[in-house]
Each structure stands twice: as C-alpha cells, then as structure tokens.
Amino acid sequence: WIEIDFPHMIELKNKKLSGEKPRCKLERVALDFSNHEAARRTYADIGAKTKKALVITEGVIPYLTNDQAGQLARDLRAIPSFQLWIQDYRQGDQAWRNQSKVRNHLKNAPFQFRETDPFTFFGKLGWAVQTDVNAIEEGERLGRPFPIPFPWSLLTWLMPKKRITEFRQSMGYVMFRADGR
C-alpha cells in the first residue's frame, strides 16, 4: 500500500498513527502535487516497482481544475502498471446545485472540477468505466442511508420525480480500467 499526500498531511498521519502497526506493507510518500515533474517521477518510480496497480484518488478530483484532472489522468495512464483507477465522483447539473452554500466551508480548498459528465471526460483520456457504484443506492443496500438534512428531507416529497432521480444518480464511486490493459 503506497499512500501519497501533501508533506504536511504525511507528517500529521505519521504523528497521529505512530502507535499503530499497519497490517500490510505501507509506504507513505510526501509529495506536493503542484510540482508536476516531481509527481510524474513519483508515479514512474512506483510504476517501475509494480506489475499491476490500483490507484485510488478519493477526495482528490473535486479539488482539481478540469485541466489538472486531465493531466492527472494522462500521467496515470502513461504508467503501464497503473491498470485500474478508483475515484469518487459528482456528476450532472445536480452535483453543483447550492454550491454557494458550500463555499464558506470550502473557502481554503474549493471544489474546482466542473465536468458534469466525468465518465466521458476520463473516457476521452483513455480510462473506461469498469464499475460504477452509486453512493445513495450503496448506502441503502448497506442500511446506511445518505443523510439529507432538514428541511430538504421533507422537501424531497414535493420534488418532481426527475429531480429526485438526477440527485440519486449524481454521486458515487467509479473504477476505471486503462483502455487496452
């Protein structure tokens, strides 16, 4: 398991988890992702040590611009052993509703990825959808329904069926497979 994060986050994790023993081989790599060349070297180094790798970028894509997300997709695709990629997603017009209400909470790290169809966006960059897990449906399946705060929980009864369907399909997790691998 190789975990890559900003240097200050790796330092915090190492400090908070210093008394814990990983149950697998764990390597933490401190990387400032804004240093594109360092990031590409890190990916190449990891790729050289692996035959087949799964990349997980949970909570990463929303904070990138479309250009940065595209560059990340190209950089990961360039490493032959990076065959699978899991990421969380928000899609459709519903994904960006009420964004102004969220901005205050995210003012230091705003959501920037504005692609309404991430599957097509990443598909054009060589990543094909292998598995799509809808977050709301999965929560219901696990007996952990998605929390909808009051008063929105009451208003959902009045919403048109089309809007409810759009909301239900707007977020989840996707596993991409590098085309041709």
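Residues numbered from 1 in each chain as written. Predicted model: local features only at pLDDT ≥ 70, side-chain atom pairs only at ≥ 80, totals over all residues. Heavy atoms only, no water.

Enquirer: Run through the packing of aromatic side chains, naming residues and quoting values.
Expert: Across all of its chains, the model carries 11 aromatic pairs by this definition. Ring centres 4.9 Å apart and planes at 85° place the aromatic pair F121 and F122 in the edge-to-face group. Taking the relative accessible area as the measure of exposure, F121 reaches 16% and is therefore buried. With relative accessibility at 0%, the residue F122 sits in the buried group. Three or more aromatic residues link up through ring pairs in this structure, and these residues are W85, Y89, F113, F119, F121, F122, W127 and F176. (Phe/Tyr/Trp six-rings, centres within 6.5 Å; stacked < 30°, edge-to-face > 60°. Buried < 20%, exposed > 50% of the residue type's maximum accessible area, 1.4 Å probe, protein only.)

Enquirer: Tell me about the pairing of strand β1 (residues 2-5), and name the residues and values.
Expert: Judged by which residues are buried, β1 turns out to be one-sided: E3 and D5 face inward and are buried, whereas I2 and I4, on the alternate face, are not. Of the strand pairs in this sheet, β1 and strand β2 (residues 27-30) are connected by 4 bridges, and their pairing is parallel. Residue I4 lies in a different strand from β2, and its bridge partner there is V29. (Helix = DSSP H or I, 4+ residues; strand = E, 2+ residues; numbered from the N terminus. Pairing = 2+ DSSP bridges.)

Enquirer: Go over the pattern of salt bridges, please, and point to the residues and values.
Expert: For the structure shown, the criterion picks out 8 salt bridges. The shortest N-O distance in the salt bridge between R163 and E166 comes to 2.8 Å. Of the two residues, R163 and E166 both sit in helix α8 (residues 161-168), 3 residues apart, roughly one turn of that helix. (Salt bridge = Lys/Arg side-chain N within 4 Å of Asp/Glu carboxyl O.)

Enquirer: How would you sum up the packing of helix α2 (residues 36-49) against helix α3 (residues 66-77)? Please name residues and give values.
Expert: Interhelical geometry of α2 versus α3 gives an angle of 30° and a closest axis separation of 10 Å. On the basis of their axis angle, the class for α2 and α3 is roughly parallel. In terms of crossing hand, the pair formed by α2 and α3 is right-handed. Between α2 and α3, the contacting residues are H36, R40 and Y43 on the first element and Q71, L72, D75 and L76 on the second. The residue makeup of the contact of α2 with α3, split by class, is 3 nonpolar, 2 polar and 2 charged. (Axes fitted to C-alpha atoms, helices over the stretch in contact; angles between N-to-C directions. Parallel < 35°, antiparallel > 145°, perpendicular 65-115°, else oblique. Left-handed = near helix turned anticlockwise from the far one by under 90°. Contact = heavy atoms within 4.5 Å. Nonpolar A, V, L, I, M, F, W, Y, C, P; charged D, E, K, R; others polar.)

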